[in-house]
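Given next are the chains, with one letter for each unit.
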Amino acid sequence: MAKTNAGRFFEDYTLGDVIEHAVPRTVSGGERALYHALYPARHALYSSDEFARASGLPASPIDDLAAFHVVFGKTVPDVSLNAVANLGYAEGRWLLPVYAGDTLRSTSEVIGLKQNSNGKTGVVYVRTRGLNQRDEVVMDYVRWVMVRKNNLDAPAPETVVPDLSKVLAVEDLAIPAGLDFTNYDFTLAGEAHRWGDYEVGEQIDHVDGVTIEEAEHMIATRLWQNTAKVHFDATFRPDGQRLIYGGHVISMARALSFNGLANAQMIVGLNGGAHANPCFSGLTVKAWSEVLDKRETSAPGVGAIRLRLVATSGSAPFALKGEDGKYLPEVLLDLDYWALMPM
């Protein structure tokens, strides 16, 4: 009997499968320090326990995206070890903050399958939940990933593409218990721009750029225990390049967005997202945002702002798609999310 795990191929998935992912992980201040070392992350709520306490939280949580990466990384050996690419996200919700000392594990359900017309690959849709040591769901999201077939003669499954919400309603967003921005310190946060200063349709060029380094990507992907072969094995792709983990691009773009959106403190909803084009080391990532919507919340002094975050590798800001409706080749990421901001 083989002792090693070659990973699942497209024909190995069945609609309704529930996968309990291995290796729970206890997070600590080490994750925060490494996250800030890898990305120019500066949002005050995730940098200072005192700032977080002044905002009604017991301490500074682990960055929302760091928690996402931990939960995501657990799923890779079972979902995307043999992936060609991670394609998109929907219906993502951060339900509880994650604090140092919490232990996270992940579980996924297969909710959709679609074999591609080439007969060599297929798309797998999964709904993943991250749970803490008390079995509380801290986040859930849907993602879909293109996976290779191992047996090209394996019959195609019945096509099932889940009907997913394009936008989360504000009422479905989870506001952390106790969050209160009525005494928010804009000086310590780094910018004076509050919820009321942003207009729907406004676009923001985040100005700065960061060149992606192979070594930093390797550290990040190992940190999140992401084992997908496309990120590590240069022989896995025909072009001999290692694909940069899409979450690395998300975190880099989010960190760059601080310049202009320093007070968009907490990510609480992921409406949708696409890794529009592959990213490789040596590319310089820049970012711009567009305000898509604004809503009040029931939490004191807290507003919700819906943002489109776009990461590019050199195109001019605010350029997204060509006349054919397809993403421009320089566009790496198109992310639609809800964040919480002081009013």
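Structure: above.
Residues numbered from 1 in each chain as written. Predicted model: local features only at pLDDT ≥ 70, side-chain atom pairs only at ≥ 80, totals over all residues. Heavy atoms only, no water.

## Brief notes about the overall build of the protein chain
Helix and strand counts for the protein chain come out as eight helices and eleven strands. Its C-alpha atoms give the protein chain a radius of gyration of 20 Å, near enough to 20 Å, the size a compact globule of 343 residues would have. Dimensions of the protein chain, computed from C-alpha atoms along their principal axes, come out at roughly 65 × 50 × 40 Å. Scored against the burial criterion, the 343 residues of the protein chain give a buried share of 54%. For the protein chain, the accessible surface area stands at approximately 14300 Å², while carbon and sulfur atoms represent 51% of it. The protein chain carries 31 positive and 42 negative side-chain charges, and their two centres are separated by 5 Å. (Helix = DSSP H or I, 4+ residues; strand = E, 2+ residues; numbered from the N terminus. Rg over C-alpha atoms; globule rule 2.2 N^0.38 Å. Buried < 20%, exposed > 50% of the residue type's maximum accessible area, 1.4 Å probe, protein only. Areas by Shrake-Rupley, 256 points an atom, 1.4 Å probe, with all protein chains shown as cover. Lys, Arg positive; Asp, Glu negative; His and termini not counted. Charge placed at Lys NZ, Arg CZ, Asp CG, Glu CD.)

## With respect to the layout of surface pockets
Within this model, the largest pocket holds a volume of roughly 400 Å³. If you trace the largest pocket, you find 27 residues lining it, with Val 84, Ala 85, Asn 86, Leu 243 and His 275 closest to the centre. If you list the elements that add at least two residues to the lining of the largest pocket, you get β3 (83–94), β6 (137–148), α6 (229–232) and α7 (246–256). Of the residues assigned to the lining of the largest pocket, the class counts are 17 nonpolar, seven polar and three charged. Of the voids in this model, the second largest pocket is the one considered here, and its volume is about 220 Å³. Lining the second largest pocket are 15 residues, with Gly 273, Ala 274, Arg 308, Tyr 327 and Asp 334 sitting closest to its centre. Those elements that place two or more of their residues in the lining of the second largest pocket are β8 (266–274) and β11 (331–342). Here the residues of the lining of the second largest pocket are counted per class, giving six nonpolar, four polar and five charged. (1 Å grid on protein atoms, 1.4 Å probe; cavity = no way out; pocket = protein on both sides within 12 Å on 5 of 7 lines; lining within 4 Å. Points joined across faces, edges and corners; volume = space filled by probe spheres on them. Nonpolar A, V, L, I, M, F, W, Y, C, P; charged D, E, K, R; others polar.)

## Let's talk about the side chain of Gln 265
Tracing the backbone through its elements, the reader meets Gln 265 in the loop between α8 (258–261) and β8. Among residues more than four places away in sequence, those in contact with Gln 265 are His 43, Ala 44, Leu 45, Tyr 46, Phe 51, Asp 64, Phe 181, Tyr 184, Ala 189, Arg 254 and Leu 340. (Contact = heavy atoms within 4.5 Å.)

## A short note on helix α5 (residues 214–223)
Within α5 the residues assigned to the buried category are His 217, Met 218, Ala 220, Thr 221 and Leu 223. On its buried face, α5 is in contact with β2 (25–26), α1 (29–38), α6 and α7.

## Comments concerning the pairing of strand β5 (residues 121–131)
For β5, the tally of buried residues reaches nine of eleven residues, placing the bulk of the element in the interior. Pairing between strand β4 (residues 103–115) and β5: ten bridges, direction antiparallel. Across the sheet, residue Lys 114 finds its bridge partner in β5, namely Val 123. What sits between β5 and β6 in their antiparallel hairpin is a turn of five residues, with Asp 135 showing a positive phi close to 60°. (Pairing = 2+ DSSP bridges.)

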